[in-house]
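# Chains, contacts and geometry: an overview
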Amino acid sequence: MKLPRPLYVILPLLMASYLLVVFALADYMKNKPFLEKLGYIPSVNTMKVLAADHKQFLSSSLMLKVIMYYGGLVDKGSNSLLVPADYPAMSRTIDAALKLDPYNIDCYYFAQAILPWDVGRADLANRFLEYGMTYRTWDWSLPFYAGFNYAYFMKDYANAARLYRRAAELSGNDMFMNLAGRYMQRSGKTEMAIAYLDLMARSARQSALRKSLGIRRDAFLAVLTIEKARDAYQQKNGKLPGSVDDLVQAGLLHGVPHDPYGGTFYLRNDGSVNSTSGFSFEGGKK
Amino acid sequence: MVNIVAINLLAIIRDRVFHGILVVALLFLLIPSISSLSMRQVTELSITLSLSLLSFILLLLSISLGATSLWKDIERRYTYSVLSLPLDRGTFLVGKFVSVTLFLLLATFVMGAVACAMIWLSSGIYPSERPIVWWNLVACIGADVLKYTVLVAYAFLFSTLSTSFFLPIFGTISVFLAGNATQQAYDYVHSQAAKTLPALVKNAASFLYYLLPNFSAFDLKVNAIYGIPLTAKALYLPVLYFCIYTSLLIIAATAIFSRSEMK
C-alpha cells in the first residue's frame, strides 16, 4: 500500500508530538496531588448500584488503591513517610471499601496498622473492627486488635477484657486468655477475672497452659484479699489506706500477700491494687 | 429442534465476537500475580477476581449472543429461508435460546475450570486462614449461569419486540442494571430511612421489585469467597425462581415471535 505524500510529513510529526505529550502526561500523572488521586470516590450507594454483582471486586480495588497510595509515600530505605499522608481520604476509602464488602480483611488489617499508630485514632480503628466482628464471626484477629487498642491506646480495660475474652474463645490461644484475665483485673473486676481464669484453667487441655492460668488466678486471689481489706479500712476510717502496710498494721491483713510473679503489691493513688511485677514474670525480674 | 441447536452452537463458536471475548479470558492468567498484592487475603482476592471476571465475560456473552442472535438472522435474511421449512416459529426461537444457553454453560465450564486452577495456584502462594469451600464456588458459578440465562431470555424477548439492534442491546443492559438494584431499592424503600416517602412511590417500587428479575438472589459471591455456609433455601429458591421466570419470558417471546410479521 502506498501512502499519500502529505502523510510522509504528517506521520513523523504526529509521532514526535505523541512522544512529547506522552512523557509530559506520565510526569503530570506521577506528580498529581495525592488528594486528587485518592480523594474523590463516588458515594457508597451509587457504587453499590453501579457495581452490580462486582461489589467485592470494587472493594478490593479501592483497598489496593489505598495500599498503593500509602506504599508510594513510604520511603523504602528508612521506612518513614516522605510526605504527610492524606489520612482522612484514606479512612473514607477504607470506609467505602468496607460498606461494599464488610468481609474484606485487608481493610481491617490496614486500618489497624495505620489509624491507631499514625493518626492517633484508635477509636476509629475500633469502630471499623467492631463493625467487622458482626460479619467475620469466626475471626479472632479483629477482637484481638480492638482489645489491644482499648488496653494500650484508650486505657479502657473493661472493653479490652471483653474483646480479649472473645479472641480467646475464637482462637483457643492461651495468650489471649491471660491478657483477658489481666485486663479484667485492671478494670476493677478482680472477682470476674478470677472466675474467668479458673474456668479457663479447668478447661485447658495443656498442662503448661493450665499452670500459667493458675498462677495468674493465684495472683488475683492475693489482689482480691488486699482489695477486701482496703474496703474494710475505708469503711472504718472513711479514707483510703496509704499503702498495703497500713492494712497489715490495722490488723486487716495477716501479712503482705505473696505475688507469684515475684513482685511486690502496692496501692495506686486511686486505691486500686497493682504489683511491681505488672503480673508477668518479666516484670517480676526487674 | 436438535438440528437447530447444533447448527446455532457451531455458528456461535465460529463467531468473531466470541473470539474477541476469548482474548478477554486471557486475563485469568494474571489473577495469581494481582492477588499477591493483597496483605492478608490473597486466596480470597483470587476468588473475587476470578468470579468477577467470569461474571463479566458471561455478561458480554449474554448481551452479544442473546441480543444479536435473532436480529442478525433477520438482518441476513436467514430467518426467511429457515422459516420456509416445515418448522414452527416457536421451535426455531426455543432452539436458538437453548443453543445460546448451552453455549453459556460450555463457556462457564471451561472458564470455571481455569478460574479454579488460578485460585488453587494463588492459595499455594499464601494459604488462606479459611479453607476454600469448593462446593460454594461451584454453586456460585452455577448461580451466575442461571442469572445470565434469565438475561438471555430477556434479550430474546426484546429481539422479538423490535427487529432493530438498539432495543435488544440497551434493553438487556438496562435489565441487568435494574435487576441488580431491585433488592437494594426494595430494602431502602421499606426501611426507616424512607419513612417519609409517599405511599405511591413505595407501592411502585414494590411492584417493580416483583416484576423485574431479582439478580441479587443469584449472587453467592460472599459465600464462595469467604466460605460462609450456604442454606438449602439460598439454593433451591433461586433455582425455582429461575425456572418459572425464564419459562414465562420464553413463552412471551415465542408468542410475540409467532405473531410478528416479517417483511
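Now for a quick tour of the structure. This one's a predicted model, so the numbers in the text were calculated from it and none came from an experiment.

Let's shift gears to the interface of chain A and chain B. Each partner contributes to the interface: chain A provides 15 residues, whereas chain B provides 21 residues. Counting only elements with at least two residues in the side of chain A that touches chain B, the list comes to helix H3 (44-50), helix H4 (55-73) and helix H6 (105-119) of chain A. The leading source of residues in the side of chain A that touches chain B is H4(A), at five residues. Each residue belonging to the side of chain A that touches chain B can be placed in one class, and the counts come to nine nonpolar, three polar and three charged.

Next up on the list: the packing of helix H7 (residues 134-161) of chain B against helix H8 (residues 166-189) of chain B. In helix packing, the relevant descriptors are the interaxial angle and the interaxial distance, both defined with respect to the helix axes. All names here are of chain B. Where H7 contacts H8, the two axes come as close as 8 Å, and the packing angle between them is 145°. Judged by the sense of rotation from one axis to the other, the crossing of H7 with H8 is right-handed. Between H7 and H8, the contacting residues are Leu151, Tyr154, Ala155, Phe158, Ser159 and Leu161 on the first element and Leu167, Pro168, Gly171, Thr172, Val175 and Phe176 on the second. The residue inventory of the contact of H7 with H8, partitioned by class, reads nine nonpolar, three polar and no charged.

Residue and element names in this part refer to chain B. Along the chain, Ala185 turns up in helix H8. A residue is classified by how many C-beta atoms lie within 10 Å of it, and Ala185, with 17 of them, is partly exposed. Sequence separation between Ala185 and Ala205 is 20 residues, and the spatial gap between their C-alpha atoms is 7.3 Å.

Our focus in this paragraph is unusual backbone geometry. Residue and element names in this part refer to chain A. Phi at Ala52 is positive, roughly 50°, even though this residue is not glycine. Inspection of the secondary structure puts Ala52 in the loop between H3 and H4. Despite not being glycine, Lys155 shows a phi value in the positive range, around 55°. Take Lys155: it is sitting in the loop between helix H8 (141-153) and helix H9 (157-171).

In this section: H9(A). With 15 residues, H9(A) ought to run about 21 Å at 1.5 Å a step, and its terminal C-alpha atoms sit 20 Å apart, in line with that. Two residues or fewer after H9(A) comes Gly172(A), characterised by a positive phi angle close to 70°.

This part covers H8(B). Bending of H8(B) peaks at approximately 40° at the position of Ala181(B). All of the buried residues along H8(B) are Pro168(B), Thr172(B), Val175(B), Phe176(B), Gly179(B), Asn180(B) and Thr182(B).

Cut-offs used in this document
Residues numbered from 1 in each chain as written. Chains lettered and ligands numbered in written order. Predicted model: local features only at pLDDT ≥ 70, side-chain atom pairs only at ≥ 80, totals over all residues. Contact = placed C-beta atoms within 7 Å. Helix = DSSP H or I, 4+ residues; strand = E, 2+ residues; numbered from the N terminus. Nonpolar A, V, L, I, M, F, W, Y, C, P; charged D, E, K, R; others polar. Axes fitted to C-alpha atoms, helices over the stretch in contact; angles between N-to-C directions. Left-handed = near helix turned anticlockwise from the far one by under 90°. Buried ≥ 20, exposed ≤ 12 C-beta atoms within 10 Å, placed from the backbone. Expected span 1.5 Å × (residues − 1). Bend = angle between axes of the 7 residues up to and from the residue.

No statement about biological role is implied by the geometric values presented.
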